[in-house]
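# Fold and geometry: a report
What follows is the residue order along each chain.
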Amino acid sequence: MNPFTYCNPVKVVFGAGRLAEAGAEAAKLGRRAFVVSYSDNSVKGTLARLGELFDAAGVAHEEFLEVVPNPPIEMVAVGVEKARAFGADLVVGVGGGSAMDAAKAIAAGVLYEHGDLWNMVYACHSNVTTQPPEKALPLMQIPTLPATGSEMNMCSVVSSLARKQKSYIWADCLFAKTAILDPELTYSLPPFQTACGGVDAISHVLEIFVNGQEKSDLLHEFQLGVIKTIIKDLPVVLANPTDADARAEIMWAATCGINGWASPGDAWTPIHQIGHVLTSHHGINHGSSLAIMMPPWMEYFKAKRPAPYERFEREIMPIPEFKAFIKRCGLPTTLSEKGVTEADIPGIVQGVKDVSFNADGVMSCIPPVTEADVYEVLRRAL
Ligand code: NZQ
Ligand code: ZN
């Protein structure tokens, strides 16, 4: 097992109906809550209930409902100004990864003293001015879409519309103080978002399983456990969106897949790096980008490093069946379905290099991933 340093300070309040405790939990953290969520109606019911709970707990609150998927830093900047004007002493994210990541970036942005908020963003290669935030307002996260694990990690994924890039802010201060995981909040998810979330959560551990360290029985069992749980329960909730047990299992599996427990000492997720460029260049949403890229990646790298792929095929399912599973869940499995052609590939490869290749000109995985590898996997995904 690789050496690691691990600290996860997030208090998790988990279980059906536990949203009821949001007011009391918020009151322990602040008196003026800035609530960050989507502009559309999908979580309006949750927001209304939260407002009542905050009122009852004596927590003043203001809503910032301007989050769109793949939160742009330009929107974050607006949120920062509004949070300052409100005098927020607590930021609450309500929604999926985009809402929670926007809440994190706003909480850090309010106290950021190093100029352009994009300076907070980490990139391996071309962003030499990176200055991660050192402090943030206290955060509370209320996920309504199990997928990204943002509720229990130190990462915020943001985009720059101006730069057409998507990358990470990565800082200790982005851990929430408290996360309320109430599976009932996920019953309203449409099948497409449910499937995107499940496939994203699989990808977080699968990418570590196939690209990470060779020797750790425990971590590999954790990773396979997350994958097995989601593969078992995703069809259940797609057939019955209010299946309480399956929604709960998926919610905790998604959190545990990327809260550090399943991957300490093993950091990089290279398929995600390609996915981010598919999002920023071609508007393909996060879960779909991974749905498309995982099977061809696995087929291609199986030839270079057979052991983890053979174990996946033994313990989970053969790669072609995995692709068929993703398709049955209602997600795209080819780039052409999303209008991407071979002529687009060089631009996508360049986008991955700009953000995610290290100074040695590779992505640091086992084996290291080259420009030619990325090109070939994209070609196979057409
Ligand atoms: O816009 P509306 O119509 O309101 O729909 C929302 C939202 O747009 C809908 N939704 C969310 N909860 C719902 C619901 N609809 C009905 N009922 C509910 N309970 O879902 C739409 C998509 O939401 P979004 O937050 O964008 O989805 P997701 O959770 O998949 O987050 C994706 C973002 O998280 C980042 C991704 O890159 C992407 O930007 N990630 C963040 C990570 C992290 N912080 O650690 C890691 C991940 O790998 C991921 O990269
Ligand atoms: Zn992801």
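Values in this document were obtained by computation on a predicted structure and should not be read as measured data.

It is worth spelling out the site of ligand 1 at this point. For ligand 1, the set of nearby residues contains 29 residues, the closest of which are Tyr38, Ser42, Gly97, Ser98 and His204. Contact between ligand 1 and Ser42: an oxygen atom at 2.3 Å from a side-chain N or O atom of the residue. The fraction of the free accessible surface of ligand 1 (960 Å²) that becomes covered by protein chains is 91%. Put simply, the parts of the chain that give the shell around ligand 1 at least two residues each are helix H4 (97–109), strand E6 (155–160), helix H5 (191–211) and helix H8 (270–282). For the shell around ligand 1, a count of residues per class yields ten nonpolar, 15 polar and four charged. When residues of the shell around ligand 1 are assigned to domains, at least three fall in each of domain 1 (11–185) and domain 2 (191–381).

One way to put it is that helix H9 (residues 286–302) packs onto helix H13 (residues 371–381) with a least axis distance of 9 Å and a crossing angle of 120°. Between H9 and H13, the interaxial angle falls into the category oblique. Helix-helix and strand crossings are classified by hand; for H9 and H13 the assignment is right-handed. Residues Ile292, Met293, Pro296, Trp297, Glu299, Tyr300 and Phe301 of H9 form the contact with H13, whose participating residues are Asp373, Glu376, Val377, Leu378, Arg380 and Ala381. Considered class by class, the residues forming the contact of H9 with H13 number nine nonpolar, no polar and four charged.

This part is about unusual backbone geometry. In this structure, the amide linkage connecting Ile366 to the following residue, Pro367, adopts the cis form with an omega of -10°. The residue Pro367 is located in the loop between helix H12 (345–356) and H13 in this model. Even without being a glycine, Asn70 presents a positive backbone phi close to 60°. Here the phi dihedral of Lys164 falls at roughly 55°; this positive angle occurs in a residue that is not glycine. With respect to the helices and strands, Lys164 occurs in the loop between E6 and strand E7 (165–170). The exposure class of Lys164 is partly exposed, given its relative accessible area of 48%.

So, on to the pattern of salt bridges. A full pass over the atoms with the stated rule returns 17 salt bridges. A salt bridge links Glu315 to Lys228, with the nearest nitrogen and oxygen atoms 3.6 Å apart. Here Glu315, found in helix H10 (residues 306–315), pairs with Lys228, found in helix H6 (residues 217–239); they are 87 residues apart in sequence, far enough to count as distant. Taking the relative accessible area as the measure of exposure, Lys228 reaches 38% and is therefore partly exposed. Among the charged side chains, a network of salt bridges with common partners joins Glu221, Lys228, Arg311 and Glu315.

A separate point is the coordination of the zinc ion (ligand 2). Taken together, the protein ligands of the zinc ion (ligand 2) are Asp200 (OD), His204 (NE2), His272 (NE2) and His286 (NE2), with distances of 2.0 to 2.2 Å. All donors to the zinc ion (ligand 2) come from one chain, and their sequence spacing reads D-x3-H-x67-H-x13-H. Within this pair, whereas His204 is found in helix H5, its partner His272 is found in helix H8, the two being separated by 68 residues in sequence. Residue classification places His204 among the buried residues on the basis of a relative accessible area of 6%.

Before going further, it helps to examine the environment of Met363. Examined against the element boundaries, Met363 turns out to sit in the loop between H12 and H13. Since its relative accessible area comes to 0%, Met363 is described here as buried. Taking the C-alpha atoms as reference, Met363 lies 9.8 Å from Val374; in sequence the two are eleven residues apart. Ignoring anything within four residues of it in the chain, the contact list for Met363 reads Trp268, Pro270, Gln273, Val352, Ser356, Phe357, Pro368, Val369 and Val374.

Turning our attention to the pairing of strand E2 (residues 32–38). For a regular strand, the rule is simple: side chains alternate between the two faces of the sheet. When you tally the buried positions in E2, you get six out of seven residues, the bulk of the element. Bridge count for E2 against strand E3 (residues 60–67) is six bridges, and the pairing is parallel. Opposite Ala33, over in E3, you have His61 as the bridge partner. Remark: the E2/helix H2 (residues 44–57)/E3 crossover connection has right-handed handedness. Pairing geometry for E2 and strand E4 (residues 90–95), over four bridges, is parallel. Pairing of Ala33 across the sheet is with Leu90, part of E4.

Calculation rules
For every chain, the first residue of the written sequence is number 1, and numbering continues from 1 along that sequence. Written order determines the labels here, with chains lettered from A and ligands numbered from 1. Owing to the predicted nature of the model, reporting of local features is limited to residues with pLDDT of at least 70; listing and counting of side-chain atom pairs is limited to 80 or more, with chain, interface and lining totals taken over all residues. Only hydrogens and water are set aside when side-chain values are computed; all heavy atoms of the structure are taken into account. In these notes, residues near a molecule or strand are those with any non-hydrogen atom within 4 Å of it. In protein, a polar contact requires one atom able to donate a hydrogen and another able to accept it; more generally it is a pair of N or O atoms within 3.5 Å, and residues adjacent in sequence count only if both atoms are side-chain atoms. Accessibility throughout is a Shrake-Rupley quantity obtained with a 1.4 Å probe, and a residue counts as covered only by protein chains that appear here. Only DSSP runs of H or I with at least four residues qualify as helices, and only runs of E with at least two residues qualify as strands; both kinds are numbered from the N terminus onward. Side-chain classes follow a simple rule in which Ala, Val, Leu, Ile, Met, Phe, Trp, Tyr, Cys and Pro form the nonpolar group, Asp, Glu, Lys and Arg form the charged group, and the remainder, Gly included, forms the polar group. Domain start and stop points were drawn from an automatic or database domain assignment. Angles run from 0 to 180 degrees between N-to-C directions of axes, and those axes are lines fitted to C-alpha atoms, restricted for helices to the stretch in contact. Should an angle fall under 35 degrees it is called roughly parallel, over 145 degrees roughly antiparallel, and 65 to 115 degrees roughly perpendicular, with every other angle called oblique. By convention, the crossing between two helices is left-handed when the near helix turns anticlockwise from the far helix through less than a right angle, and right-handed when the turn is clockwise. Should any heavy atoms of two residues lie within 4.5 Å, those residues are considered in contact. Accessibility here uses a 1.4 Å probe with only protein chains present; expressed as a share of the type maximum, an area under 20% marks a residue as buried, one over 50% as exposed, and anything in between as partly exposed. Salt bridges are defined as contacts in which a side-chain nitrogen from Lys or Arg sits within 4 Å of a carboxyl oxygen from Asp or Glu. Think of the donor list as every N, O and S atom within 2.8 Å of the metal, or within 3.2 Å for Na, K and Ca; water never makes the list, so a site can look incomplete. Strands qualify as paired when DSSP identifies two bridges or more between them. Seen with its strands pointing away from the viewer, a crossover is right-handed when the path leading from the first strand over the helix to the second is clockwise.

All we've got here are geometric facts, nothing functional implied.
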